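What follows is each chain in one-letter form.
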Amino acid sequence: MTADMTEHDGAIPVTAGGRNLTQALLDTLGRAIVTGYYETRSFPTEADIATKHDVSRSVTREAVKMLTAKGLVSARPRQGTMVQPSSTWNLFDTDVLRWTLERKFSVDLLRHFNQLRIAIEPEGAALAAQFGDESDLLAIHRGLDRMAAAEAGSGDPLDADIAFHVAILRASKNPFYAQFQSVVSTALQTSIRFTNRIKGRSANVADHGAVAAAIAARDPDAARIAMRRIIGDVLTLIGDE
């Protein structure tokens, strides 16, 4: 797999502030790694990176540290910085997940993601039915209303669908489920587009309404079943491809 050499060889855009420069460099290098640019060439030294992209050594050093934390590279004595195999990449890191989804469309990757969702989101919905407060229920119904409006042509169906699922994860009142919202938001952008293209329409509002109704009724079992049905339908669609 070969990345666009022009895109990755060019200097990154100069933006105000060291933190923005670091993020820009991180995005350039991370995308280059994940899309396979360094499969056939060595990862450059920090000095070479700084020169090529016209940034300071401190910005370069920080970006490389962030790549290391994400599992994309490792520094070894007398060997320099080396790109790591994809098995070490942190797919729960939203940057890595985004770059991976940009790398090449993969039905297998979407299947794996939705298999993870079906292990987590139904339980998140059940917890939301038990522990969600009134503000949480309002956010869930606001997401559902946005989905209905988007289906009628007012608003973005993708953003509305994501808002609905994120509201439920937050309503679980479990910090681990709540932190999963970043992964869900990032990966659903690709997953929903794919499944909507297969179906020729956006998500089934009635099915999502069943989840919202079960949570509002404080019925964990019904909420779990309704959410499992939604994600199960997605897995069926993906499996048919």
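Residues numbered from 1 in each chain as written. Predicted model: local features only at pLDDT ≥ 70, side-chain atom pairs only at ≥ 80, totals over all residues. Heavy atoms only, no water.

Student: For this particular structure, what's the right way to read the overall build of the chain?
Tutor: When you go through the chain residue by residue, the secondary structure sums to 12 helices and 2 strands. Along its sequence from the N terminus, the chain presents helices and strands in the succession α-α-α-α-β-β-α-α-α-α-α-α-α-α. Considering the chain as a whole, with its 241 residues, one finds that 47% of them fall into the buried category. Approximately 12,000 Å² of the chain is accessible, and the part contributed by carbon and sulfur atoms is 52%. (Helix = DSSP H or I, 4+ residues; strand = E, 2+ residues; numbered from the N terminus. Buried < 20%, exposed > 50% of the residue type's maximum accessible area, 1.4 Å probe, protein only. Areas by Shrake-Rupley, 256 points an atom, 1.4 Å probe, with all protein chains shown as cover.)

Student: Please explain helix H8 (residues 157–171) as it appears in this structure.
Tutor: Each α-helix winds once per 3.6 residues, and so residues spaced three or four apart point in a common direction. For H8, which comprises 15 residues, the first-to-last C-alpha distance of 21 Å matches the rise-based estimate of 21 Å (1.5 Å per residue) to within 8%. Counting buried positions over the 15 residues of H8 gives 11, a clear majority of the element. All buried positions along H8 are accounted for by Leu158, Ala160, Asp161, Ile162, Phe164, His165, Val166, Ala167, Ile168, Leu169 and Ala171. Its side-chain oxygen 2.8 Å from the backbone nitrogen of leucine 158, aspartate 156 forms the N-cap of H8. At the exit of H8 stands lysine 173, carrying a positive phi of roughly 65°. (Expected span 1.5 Å × (residues − 1). Polar contact = N/O pair within 3.5 Å; in protein donor to acceptor, adjacent residues only side chain to side chain.)

Student: Honestly, the nonpolar core in this entry has me stumped. Any pointers?
Tutor: The tendency in soluble globular proteins is for nonpolar side chains to be buried as a group. Judged by nonpolar contacts, the single largest core of 24 residues is most densely connected at Ala125, Ile140, Phe164, Ile168, Val211 and Ile215. Those elements that place two or more of their residues in this core are helix H6 (107–131), helix H7 (134–151), H8, helix H11 (205–216) and helix H12 (220–239). Once you skip the residues sitting within four places of it in the chain, phenylalanine 164 turns out to touch Ile140, Gly143, Leu144, Met147, His208, Val211 and Ala212. Core analysis: the second largest hydrophobic core is formed by 22 residues, Leu29, Tyr38, Ile49 and Leu67 among them. (Core = buried A, V, L, I, M, F, W, Y, C linked by side-chain atoms within 4.5 Å. Contact = heavy atoms within 4.5 Å.)

Student: Just checking my understanding: could you explain unusual backbone geometry for this structure?
Tutor: What you tend to see is this: most non-glycine residues have negative phi, and most peptide bonds are trans. Even without a glycine there, the phi angle at aspartate 54 is positive, about 55°. If you trace the backbone, aspartate 54 turns up in the loop between helix H3 (46–53) and helix H4 (57–69). Look at lysine 173: it is not a glycine, yet its phi comes out positive at around 65°. Within the fold, lysine 173 resides in the loop between H8 and helix H9 (175–179).

Student: How should I be thinking about the packing of aromatic side chains in this particular structure?
Tutor: For any pair of aromatic rings, the description rests on two quantities: the centre-to-centre distance and the angle between the ring planes. In total, this model carries 2 aromatic pairs according to the counting rule given. With 5.0 Å between their ring centres and 80° between their planes, tyrosine 37 and tyrosine 38 make a pair best called edge-to-face. For tyrosine 38, a relative accessible area of 10% translates into the label buried. Note on tyrosine 38 and phenylalanine 43: the rings are 5.1 Å apart at their centroids and 65° apart in plane angle, and the pair reads as edge-to-face. Taken together, the ring pairs connect Tyr37, Tyr38 and Phe43 into an aromatic cluster. Positioned above the aromatic ring of tyrosine 37, the side-chain terminus of arginine 41 is 4.0 Å from the ring centre. (Phe/Tyr/Trp six-rings, centres within 6.5 Å; stacked < 30°, edge-to-face > 60°. Lys NZ or Arg CZ within 6 Å of the ring centre and 35° of its normal.)

Student: Looking at this model, I keep getting lost on the packing of H6 against H11. Mind explaining?
Tutor: In a pair of packed helices, the angle between the axes and the distance between the axes together describe the arrangement. Remark: H6 packs on H11, axes separated minimally by 7 Å, with the N-to-C direction vectors making an angle of 35°. Side by side, H6 and H11 meet where Ala125, Ala128 and Ala129 of the first sit next to Val211, Ala214 and Ile215 of the second. In terms of residue class, the contact of H6 with H11 is built from 6 nonpolar, no polar and no charged. (Axes fitted to C-alpha atoms, helices over the stretch in contact; angles between N-to-C directions. Nonpolar A, V, L, I, M, F, W, Y, C, P; charged D, E, K, R; others polar.)

Student: I keep staring at the pairing of strand E1 (residues 73–76) and nothing clicks. Help me out?
Tutor: The sheet contact formed by E1 and strand E2 (residues 80–83) spans 4 bridges and is antiparallel. Counted as the bridge partner of alanine 75 is threonine 81 from E2. Counting the residues that bridge the hairpin from E1 to E2 gives 3 residues, and of these arginine 78 lies at a positive phi of roughly 65°. (Pairing = 2+ DSSP bridges.)

Student: How should the pattern of salt bridges be read in this particular structure?
Tutor: Oppositely charged side chains can pair when the atoms bearing their charge come close. Per the stated rule, a full pass over the model turns up 12 salt bridges. Between arginine 98 and aspartate 27 there is a salt bridge, with its nearest N and O atoms 3.1 Å apart. One end of the pair, arginine 98, is in helix H5 (residues 94–103); the other, aspartate 27, is in helix H2 (residues 18–34), with 71 residues separating them in the sequence. Aspartate 133 is the salt-bridge partner of lysine 173, the closest N and O atoms lying 3.2 Å from each other. Residue lysine 173 is found in the loop between H8 and H9, and its partner aspartate 133 is found in the loop between H6 and H7; the two are separated by 40 residues along the sequence. On the accessibility criterion, aspartate 133 (31% relative accessible area) is partly exposed. One salt-bridge network, in which partners are shared between bridges, spans Asp27, Arg31, Lys70, Asp93, Asp95 and Arg98. (Salt bridge = Lys/Arg side-chain N within 4 Å of Asp/Glu carboxyl O.)

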